[in-house]
Amino acid sequence: MKKIRVIGAGLAGSEAALTLASLGQPVILIDMKPGRMTPAHRSEKLGELVCSNSLKSLQDFTATGLQKKELELLNSQLLSIAMKHRVPAGNALAVDREAFSEEITRLIMDNPLIEYEEAYLESLPDDDLITIVATGPLTGNQLFASIQEKLAEESLYFYDAVAPIVSFESINMDVAYKKSRYDKGTADYINCPMDKETYQAFYEELIKADLADLEDFDRKLVFEGCMPIEAMARRGEDTLRFGPMKPVGLTNPHTGERPYAVVQLRQEDSYASMYNLVGFQTRLKFPEQKRIFRMIPGLEKAEFLRYGVMHRNTYIASDHELEATFRLKSDPRFYFAGQITGLEGYLCALSSGKIAAINAYLQNRGEEANFVLPEETLLGQLQTYLSRESSKKFEPMNANFGLLPPLELRIKKKQERGMAYRDRSLESLQAYLKKHAIISEAP
Ligand SMILES: Cc1cc2nc3c(=O)[nH]c(=O)nc-3n(C[C@H](O)[C@H](O)[C@H](O)COP(=O)(O)OP(=O)(O)OC[C@H]3O[C@@H](n4cnc5c(N)ncnc54)[C@H](O)[C@@H]3O)c2cc1C
């Protein structure tokens, strides 16, 4: 059987390669790791979570919870690895990023059907192999220019930001405290309380802090999606107190008082040795991050394991370029998956990697690539969203209930509405999968 090539062993590419191998399909998986990294990647391992370690809600009446249920029915391998390496985070699926990537790397490297090739590609290959391009939001300029040659539309850009991570042992727990908002669920977050005076001093420094430079041409582009903390602060003195630094429900057990503002830290790894500052994605220069974030009570001596950064995020105008199968309209040898398609976030990367792989597999077997999920499902709607031509500027998208067709009966209560979406989606997906035996072929 002719091999299928996957370029990029991030989340989408790893899910694609493991899916193909589970179907008995030989794969060539190419990535520049470990020899070379994008500006956001730090680990030599494959399937790296570049920023947050959270794959969002597990509650199946929320959109990201339902997306997980749908992925489970599709046998998503990366999702089951994530479940295996869960760390406490209330109702969210947060994972130990090291253990997660370690296992993905091992499964890929040990799989006799996957041939891993370390290479930095500067152009798309031009042969008769079917190729899935999953090089992510930081696809290098040369490769992107080569992709661009196949596209009718201009490529698009926007920005994403990551929050800093500090070590647990450097947090002063005589000042900070563990607590969940209104004591709901388990106390997974560490809270750093601020009084009014401290908040105002912190705010004053934050709004005048030095920012890292942007390249000139990037400066003109609009910031969307992931707002840095300093930009949010500049909207007004109280904006942070009503946003990521909201103190409600977080009474300080050391004093019995409700703080004026709170910085929350979320566990990063299963050893609970690393914590990220929730909502603190930033473009501050590194020394400024150290100086200003150390003004936060409890973080006076914080050891920064990773500083926050901002990066360009590149994606194609998929509504003009891709079919719902993730195949490129202008050249059917190519499929795209992951963030480069404009689908946002970790879960969408897994979803698109899975679906693109199944379609590529069908095509490689000489069958019709027609794995398009029902319209009642979130994944099916993401496929439709990507491939539905529109005159509006194409915007990135993640899974949300707004994509789904309305329910027959109007349900007012949010949670009940979510449950109805869930039941309808899973029923139609199960029926669809029964007809398309392909998923059940996988072990
Ligand atoms: C700074 C930043 C922060 C983010 N934070 C979050 C977050 O907190 N939560 C979230 O859900 N999403 C976040 N995202 C979006 C995130 O990128 C995606 O959710 C996810 O990583 C996309 O997976 P992917 O497989 O498409 O790309 P990636 O995971 O980026 O994988 C791409 C792979 O392709 C390889 N590659 C790239 N170019 C080449 C080349 N020319 N030759 C060979 N190999 C190449 C890379 O080495 C990499 O392994 C963030 C993105 C950025 C840039």
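Note that the coordinates shown come from a computational prediction; the quantities given were computed from them, not determined experimentally.

1. Section: the domain arrangement of the protein chain
When the domains of the protein chain are assigned, the result is domain 1 (4–155 + 316–441) and domain 2 (162–312). Spacing between the C-alpha centres of domain 1 and domain 2 amounts to 31 Å. On the domain 2 side, the residues contacting the 17 residues of domain 1 number 13 residues. In terms of residue count, the dominant contributor to the side of domain 1 that touches domain 2 is helix α4 (residues 97–109) (3 residues). Broken down by class, the residue content of the side of domain 1 that touches domain 2 amounts to 9 nonpolar, 5 polar and 3 charged.

2. Describing the site of the ligand
What surrounds the ligand is a group of 36 residues, the closest being G8, G10, C51, G136 and G338. Here the shell around the ligand gets 3 residues from one element, more than from any other, and that element is helix α1 (residues 11–22). Here the residues of the shell around the ligand sort into 18 nonpolar, 15 polar and 3 charged.

3. Describing unusual backbone geometry
Residue P34 is reached from K33 by a cis peptide bond, and omega for that bond is 0°. Position of P34 relative to the elements: it lies in the loop between β2 (27–31) and β3 (54–57). In this structure, K56 takes a positive phi of about 65° despite not being glycine. With respect to the secondary-structure elements, K56 resides in strand β3. Using a count of 22 C-beta atoms within 10 Å as the deciding quantity, one classes K56 as buried. Although it is not a glycine, F326 sits at a positive phi angle of roughly 80°. Along the chain, the position of F326 falls in the loop between α10 (318–321) and β16 (334–336).

4. Topic: helix α6 (residues 196–207)
For α6, which comprises 12 residues, the first-to-last C-alpha distance of 17 Å matches the rise-based estimate of 16 Å (1.5 Å per residue) to within 8%. What α6 keeps buried is the set Y199, F202, Y203 and L206. The buried residues of α6 occupy an angular sector of 100° when projected down its axis, which confines them to one face. Here the buried face of α6 lies against β11 (190–194), α8 (229–233), β12 (261–267) and α9 (286–293).

5. Some remarks on the nonpolar core
Grouped together as the largest cluster of nonpolar side chains are 115 residues, with contacts concentrated most on A16, A17, I132, F336 and A356. Top element by residues in this core is helix α11 (residues 346–364). It accounts for 11 residues. When residues of this core are assigned to domains, at least three map to each of domain 1 (4–155 + 316–441) and domain 2 (162–312). Look past the residues within four positions of A17 in its chain and what remains in contact with it is V6, A9, V27, L29, I108 and I114.

6. Some remarks on the packing of α1 against α11
What describes two packed helices is the angle between their axes and the distance between those same axes. Put simply, α1 and α11 touch, their axes get as near as 7 Å, and they point 35° apart. The way α1 lies across α11 gives a crossing that is right-handed. Contact with α1, carried on its side by L11, A12, G13, E15, A16, T19 and L20, involves Y346, A349, L350, S352, G353, K354, A356, A357, I358 and Y361 of α11 and no other residues of that element. Split into classes, the residues belonging to the contact of α1 with α11 amount to 11 nonpolar, 4 polar and 2 charged.

7. Describing the sheet that holds β11
Reading across the sheet, the 6 strands line up as β10-β11-β12-β13-β9-β14 and stay open at both edges, with antiparallel pairing between neighbours. If you trace the sheet from one side to the other, it starts and ends with β10 (177–178) and β14 (304–306), each paired once. In this structure, strand β9 (residues 165–167) lies alongside β14, joined through 2 bridges in antiparallel fashion. By the bridge assignment for β14, V166 is matched with F304.

Rules behind the numbers
Residues numbered from 1 in each chain as written. Predicted model: local features only at pLDDT ≥ 70, side-chain atom pairs only at ≥ 80, totals over all residues. Domains from an automatic or database assignment. Contact = placed C-beta atoms within 7 Å. Helix = DSSP H or I, 4+ residues; strand = E, 2+ residues; numbered from the N terminus. Nonpolar A, V, L, I, M, F, W, Y, C, P; charged D, E, K, R; others polar. Near = placed C-beta within 6 Å. Buried ≥ 20, exposed ≤ 12 C-beta atoms within 10 Å, placed from the backbone. Expected span 1.5 Å × (residues − 1). Arc of directions from axis to C-beta. Core = buried A, V, L, I, M, F, W, Y, C linked by C-beta atoms within 7 Å. Axes fitted to C-alpha atoms, helices over the stretch in contact; angles between N-to-C directions. Left-handed = near helix turned anticlockwise from the far one by under 90°. Pairing = 2+ DSSP bridges.

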